[in-house]
Amino acid sequence: MEPQSPFKPDTLRGKTALVTGGGSGIGLEITRQLGLHGAKVVISGRREQVLRDACQTLGGDGITAAFVQGDVRRYEDCERMAGEAVARFGRLDILVNCAAGNFLSPAEQLSSNGFRTVMEIDALGTFNMSRAAFAALKSSGDAIIINISMTLHYGATWWQAHASAAKAAVDSLTRSLGLEWGHYGIRTAGVAPGPIEGTAGMSKLAPGSDAAAAVLQKVNSSIPLGHMGRRWDIAMACLFLCSPAASFVTGHTLVVDGAEWMYKPSLVPRDAVNRISRGVEAQSRAVGLAGASSGSPRSKL
Ligand code: COA
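Please read all numbers here as calculations on a predicted model, not as lab measurements.

1. Observations concerning the packing of helix H3 (residues 75–89) against helix H4 (residues 112–140)
- The N-to-C vectors of H3 and H4 enclose an angle of 35 degrees; their axes lie 8 Å apart at closest approach. Remark: the crossing between H3 and H4 carries right-handed chirality. Seen from H3, the contacting residues are Tyr75, Cys78, Glu79, Met81, Ala82 and Val86; seen from H4, they are Asn128, Met129, Arg131, Ala132, Ala133 and Ala136.
- For the contact of H3 with H4, the class distribution of residues is nine nonpolar, one polar and two charged.

2. Some details on H4
- Its 29 residues place the ends of H4 40 Å apart at the C-alpha level, agreeing with the 42 Å of an ideal helix rising 1.5 Å per residue.
- Remark: the principal bend of H4, roughly 55 degrees, maps to Phe134.
- At the exit of H4 stands Gly141, carrying a positive phi of roughly 85 degrees.

3. Overview of the packing of H4 against helix H5 (residues 161–181)
- Look at H4 against H5: their axes get within 7 Å of each other, and the N-to-C directions meet at 15 degrees. As judged from the angle between their axes, H4 and H5 are roughly parallel. By crossing handedness, the relation of H4 to H5 is classed as right-handed. Contacts between H4 and H5 pair Phe115, Val118, Met119, Asp122, Ala123, Thr126, Phe127, Ser130, Arg131 and Phe134 from the former with Ala161, His162, Ala163, Ala165, Ala166, Lys167, Ala169, Val170, Leu173, Leu177 and Trp181 from the latter.
- Classifying every residue of the contact of H4 with H5 gives 15 nonpolar, three polar and three charged.

4. Considering the nonpolar core
- Grouped together as the largest cluster of nonpolar side chains are 35 residues, with contacts concentrated most on Ile30, Leu34, Ile94, Val96, Ile146, Ile148 and Val191.
- Elements that contribute at least two residues to this core include exactly strand E1 (16–20), helix H1 (25–36), strand E2 (40–45), helix H2 (48–60), strand E4 (94–97), strand E5 (143–148), strand E6 (186–193) and helix H8 (231–242).
- The greatest single-element share of this core, amounting to nine residues, is contributed by H8.
- When near neighbours in sequence (up to four residues on either side) are disregarded, Ile30 contacts Val96, Cys98, Ile148, Ile234, Ala235 and Cys238.
- Core analysis: the second largest hydrophobic core is formed by 26 residues, Val42, Val68, Leu173 and Trp181 among them.

5. Observations regarding the sheet that holds strand E7 (residues 252–256)
- Taken in spatial order, the seven strands of this open sheet run E3-E2-E1-E4-E5-E6-E7, and their pairing is parallel. Two strands bound the open sheet, and with one partner strand each, they are strand E3 (65–69) and E7. Taken over all neighbouring pairs, the strand axes of this sheet differ in orientation by 20 degrees on average, direction set aside.
- Across five bridges, the pairing between E2 and E3 is parallel. Its bridge partner lying in E3, Val42 is registered against Ala66.
- In this fold H2 packs onto E2 and E3, with an angle of close to 175 degrees to the strand it touches most, E3.

6. Digging into the site of the ligand
- Close to the ligand lie 16 residues, the nearest being Arg46, Arg73, Ser111, Asn113 and Lys204.
- At a separation of 3.2 Å, a nitrogen atom of the ligand approaches a polar backbone atom of Ala100.
- Here the ligand loses 55% of its free accessible area of 930 Å² to cover by the protein chains.
- When residues of the shell around the ligand are traced back to their parent elements, those giving at least two are H4 and helix H6 (200–205).
- If you tally residues by element for the shell around the ligand, the top one is H4, at four residues.
- Partitioned by chemical class, the residues of the shell around the ligand number five nonpolar, eight polar and three charged.

Rules behind the numbers
Residues numbered from 1 in each chain as written. Predicted model: local features only at pLDDT ≥ 70, side-chain atom pairs only at ≥ 80, totals over all residues. Heavy atoms only, no water. Axes fitted to C-alpha atoms, helices over the stretch in contact; angles between N-to-C directions. Helix = DSSP H or I, 4+ residues; strand = E, 2+ residues; numbered from the N terminus. Left-handed = near helix turned anticlockwise from the far one by under 90°. Contact = heavy atoms within 4.5 Å. Nonpolar A, V, L, I, M, F, W, Y, C, P; charged D, E, K, R; others polar. Expected span 1.5 Å × (residues − 1). Bend = angle between axes of the 7 residues up to and from the residue. Parallel < 35°, antiparallel > 145°, perpendicular 65-115°, else oblique. Core = buried A, V, L, I, M, F, W, Y, C linked by side-chain atoms within 4.5 Å. Buried < 20%, exposed > 50% of the residue type's maximum accessible area, 1.4 Å probe, protein only. Pairing = 2+ DSSP bridges. Near = heavy atom within 4 Å. Polar contact = N/O pair within 3.5 Å; in protein donor to acceptor, adjacent residues only side chain to side chain. Areas by Shrake-Rupley, 256 points an atom, 1.4 Å probe, with all protein chains shown as cover.

Next comes the structure, spelled out in structure tokens:
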């Protein structure tokens with residue numbers, strides 16, 4: 001059963017949101033939750049039928065939704081997307097840059113075009129869309145851009161040099177626009193999801209995780225909270241950032257990953273920590289005391 005939202009259903013009443021990559025996966029759930037909390041929504045993506053179906057699903061939930069087919073790599077498409085939101089609903093207050101591309105590839109096998117493709121969808125696409133929506137967001141007077149990021153680049157991640165570089169650029173944009181556009185009443189924030197169950201990302205980046213229990217357990221055991229996140233968790237983080245509760249938050253990327261990115265296996269099992277630690281301590285004291293009674297320099301300190 002879907003968890004109940006802690007936000008009031010009219011939190012976003014009167015607002016219009018545009019979500020790129022909003023036709024499926026995390027983007028669709030973000031769109032749905034923005035809509036269920038009162039926003040009118042526009043989704044964009046490359047696959048028209050996917051967008052059409054998504055709009056129908058959103059309509060079934062009582063959400064006022066429209067779609068625009070387009071590719072965030074093309075600036076003129078982004079202008080069309082922002083234009084459509086304003087033409088349909090008279091304003092644009094929330095932009096969620098969720099369109100992204102990724103796949104696993106060893107760097108030595110990744111072509112220049114493969115690297116560029118992901119950089120263009122994620123980094124250039126985020127800039128293009130933000131820039132194309134700027135005038136409409138400025139007119140809103142109380143707007144927010146949310147960039148959906150990742151945690152890949154906090155350290156380094158195997159087989160994702162392209163997406164890591166792209167998301168590092170996205171986070172940099174979040175900070176730069178936070179700095180420059182606050183003046184215009186536009187906040188900018190990021191949300192960095194960890195492993196989210198049932199998404200294209202999981203089936204692409206941890207192949208077999210949907211089906212194979214062993215892979216699933218490996219993923220879960222590297223998340224301190226013990227389980228993968230839900231699309232709902234990411235949508236709630238976005239709702240928080242859009243809500244008045246976050247009106248002083250800008251330029252920041254909120255990590256929603258159950259602390260997965262900082263996970264390291266412990267060298268000592270939890271139930272043995274005290275025993276080992278006290279043993280080591282007792283040993284070092286014994287050595288210290290022996291040194292003191294033999295009049296070593298340490299005893300004079
Ligand atoms: N391994 C290595 N290279 C790959 C690859 C893979 N799995 N998939 C694509 N590429 C390379 C292609 O070979 C091509 O390079 P080349 O011209 O040197 O051969 C380049 O990437 C562009 O691929 P293409 O399929 O033409 O790009 P596209 O614009 O149609 O698709 C992708 C973009 C590749 C990112 C595609 O996966 C996509 O559309 N993804 C959107 C959904 C998604 O990934 N969401 C994120 C989930 S985490």
